[in-house]
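# Results of the structural survey
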Amino acid sequence: MKQLTDILLEEKLVDAVQLDEAWLEHERVGKPLGRILVDMGHITEAQLVAALASQIGLDFVDLSEAPVDATAVAALSPAICRRHTVLPIGYDDGGRLVLAMADPGNVFALDDVRQITGREPRAVVATRDDLLAAIDRYCRADADMDDITNAIDGEDVDDELAHVRQVVEDAPIVKYVNMLITQAIQDRASDIHVEPGEDALRIRCRIDGVLHEVMRSPKQIASGVVSRLKIMSDIDIAERRKPQDGRLSINANGRKIDLRVATLPTVWGEKVVMRILDNSNTRMALTDLGFSDSNAERFRTSYVKPYGMILVTGPTGSGKSTTLYATLNVVSKPEINVITVEDPVEYRLPGINQVQVNPKAGLTFAAALRSILRSDPDVVLLGEIRDHETAQISIEAALTGHLVLSTLHTNDAPSAVTRLTEMDVEPFLVGSALDAVLAQRLARRLCGKCAEEYVPERADLEAVRFGLDPDEPTPTLRRPVGCPACAKTGYKGRLALHEVMLVSEEIERLTVARASATDIGAVAREQGMRTLREDGMAKVRAGVTTIDEILRVVA
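Just so we're clear, the structure is a prediction, and the values are computed from it rather than from any experiment.

## A few points about the UniProt feature "domain: Bacterial type II secretion system protein E" (unreviewed entry) in the protein chain
- According to UniProt, the feature "domain: Bacterial type II secretion system protein E" (unreviewed entry) maps to residues 373-387 in the numbering used here.
- Helix and strand shares over residues 373-387 are 0% and 27% respectively, and the end C-alpha atoms of the span are 18 Å apart.

Structure, rendered in structure tokens:
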């Protein structure tokens, strides 16, 4: 068995001088060496526990980051979890129950878990504080679930609207919904799907662009949960036959988080989808968005100009709004007037005038844009260019001394030019007004804790057009492995891939000549534009993502 000091030195958590200081203190007071290192501030509690776990051949899990399987938590009662300070967090490939423990040597706890669950437990180690916090969080949810089920078991909540109101204002329902949203925020989810089914209420969260089922609850609470969400979002709970939209705000970990809520009638009841609008995204700097040095410089040459149009293109959920807000943070100054027109206004930005589109009242994108141009703006952010009228006014605004930022749904940057001309905007106006197009996608980022290096087959790299020179040696890449911190997926977080096309004089002439997107793209590449695939493969070389992930998001 390795000594604790050897592990700490191998992991470069301490150096020899720090160890010597700790040994002297250990001999003076008799306290354990690891505890002295923590007290002296050389290592953290989590690093000590991880090193001790490694010493006895067990895995360490950081419960503040690792996702927890709700079905595994339900295998043990809250009383047992608290009695032994343990928490089931999932199942391994062999079907064993993964049990987070503060004391993995507690054989009584292991025996109790084995008898109660009928499964062989596999112990992993966590810090005691993390375990107690996780037990409070997850076991309280289980207790609330029991209260909810008992409170409305046997009741037909669909029959009486008054009864629904009474149920959804009951404490267990309130706690359950709050727990659901708070847990999704902690798991870094972007969307929460509440889906009534034939036999159960299914909860799924979209994390890093992929949906994961996180919970199944008794069907009888579905109507109460949906109605509670509708009341919080100021949506009519009596209307269940047509889709509705709303918005709600909660405080989570000291932060105010807004959620955009949409309901959709299905055969088993109303489905609710909540988009989590984390305002921290609006404070992101462009340097946080993963631009390569060359792309960052090319994009900077466009937004520092006082006028012209900048378009950010990509599918829904590709981070266009985040990029636009980050750009606004750079160009917004007290001496200029910034006005946005959005549908809906997802993030409230201080010091910026934001207009919410309201088609029912006649306030369309085009009408709002026409009005704000009479309000002396310097910079205009338009949520999306959807039709000829909006495109025409935006182009004219860019030509009359305004910096216009907007989005468009196209597959790549060159296609944005042809899309505008297809909207019946005169090509010479498009060529004159358009300054830059930024196409982007979001790919999953490799987990920093478990990714491993490997040397791929050269033929495989050539098959995916990796961009390998004939005389270049085969590069060492990284691939996903999977660990508790990334829920065994091998990925954690996302990064952006960019394609920045600057509209040069030659591209402007091609635009006027109504050239195809293919021809425009060929010229743009000759002038230094890196395609989405090329930018993605550069990030594969850098070891932050994988070839499979790039091929998943880029054609």
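## Quick look at the nonpolar core
- With 55 residues, the main nonpolar core has Leu 311, Ile 385, Leu 420, Leu 434, Phe 466 and Met 501 as its most contacted residues.
- Among all residues touching Leu 311, those that are not within four sequence positions of it are Ile 385, Ser 406, Thr 407, Leu 408, Ala 416, Leu 420, Leu 434, Ala 436, Val 437 and Leu 438.
- The next biggest cluster of nonpolar side chains, apart from the first, holds 31 residues, and it includes Met 179, Ile 181, Ala 189 and Ile 235.

## Quick look at the packing of helix α19 (residues 505-512) against helix α20 (residues 517-526)
- It is the contact of α19 with α20, at a shortest axis distance of 10 Å, that shows an interaxial angle of 175°. Between α19 and α20, the angle is such that the two are roughly antiparallel. Packed against α19, whose contacting residues are Glu 506, Ile 507, Leu 510 and Thr 511, the element α20 presents Asp 519, Ile 520, Val 523 and Ala 524 at the interface.
- Here the residues of the contact of α19 with α20 sort into five nonpolar, one polar and two charged.

## Quick notes on the packing of helix α14 (residues 365-372) against helix α15 (residues 388-399)
- One way to put it is that α14 packs onto α15 with a least axis distance of 8 Å and a crossing angle of 20°. Looking at the two axes, α14 sits roughly parallel to α15. The two elements α14 and α15 meet at a crossing, and its hand is left-handed. Two secondary-structure elements touch here, α14 through Phe 365, Ala 366, Leu 369 and Arg 370 and α15 through Glu 389, Thr 390, Ile 393 and Ser 394.
- Taken together, the residues of the contact of α14 with α15 sort by class into four nonpolar, two polar and two charged.

## Description of the pairing of strand β9 (residues 269-277)
- In terms of strand pairing, strand β4 (residues 189-196) meets β9 through four bridges, oriented antiparallel. By the bridge assignment for β9, Ile 192 is matched with Met 274.
- Pairing geometry for strand β8 (residues 255-266) and β9, over nine bridges, is antiparallel. Bridge pairing links Pro 265 to Glu 270 in β9.
- The loop that links β8 with its antiparallel partner β9 comprises two residues.

## What to know about the side chain of Lys 230
- In this structure, Lys 230 sits in helix α11 (residues 222-232).
- Residue classification places Lys 230 among the buried residues on the basis of a relative accessible area of 1%.
- Within the local environment of Lys 230, its side chain forms a polar contact with the backbone oxygen of Asp 236, the two atoms lying 3.4 Å apart.
- Once residues lying within four places of it in the same chain are set aside, the contact partners of Lys 230 are Ile 235, Asp 236, Ile 237, Glu 239, Arg 240, Gln 244, Thr 263 and Glu 270.

What counts, and where the lines are drawn
- Residues numbered from 1 in each chain as written.
- Predicted model: local features only at pLDDT ≥ 70, side-chain atom pairs only at ≥ 80, totals over all residues.
- Heavy atoms only, no water.
- UniProt positions renumbered as here; feature names shortened; annotations may be inferred.
- Helix = DSSP H or I, 4+ residues; strand = E, 2+ residues; numbered from the N terminus.
- Core = buried A, V, L, I, M, F, W, Y, C linked by side-chain atoms within 4.5 Å.
- Buried < 20%, exposed > 50% of the residue type's maximum accessible area, 1.4 Å probe, protein only.
- Contact = heavy atoms within 4.5 Å.
- Axes fitted to C-alpha atoms, helices over the stretch in contact; angles between N-to-C directions.
- Parallel < 35°, antiparallel > 145°, perpendicular 65-115°, else oblique.
- Nonpolar A, V, L, I, M, F, W, Y, C, P; charged D, E, K, R; others polar.
- Left-handed = near helix turned anticlockwise from the far one by under 90°.
- Pairing = 2+ DSSP bridges.
- Polar contact = N/O pair within 3.5 Å; in protein donor to acceptor, adjacent residues only side chain to side chain.

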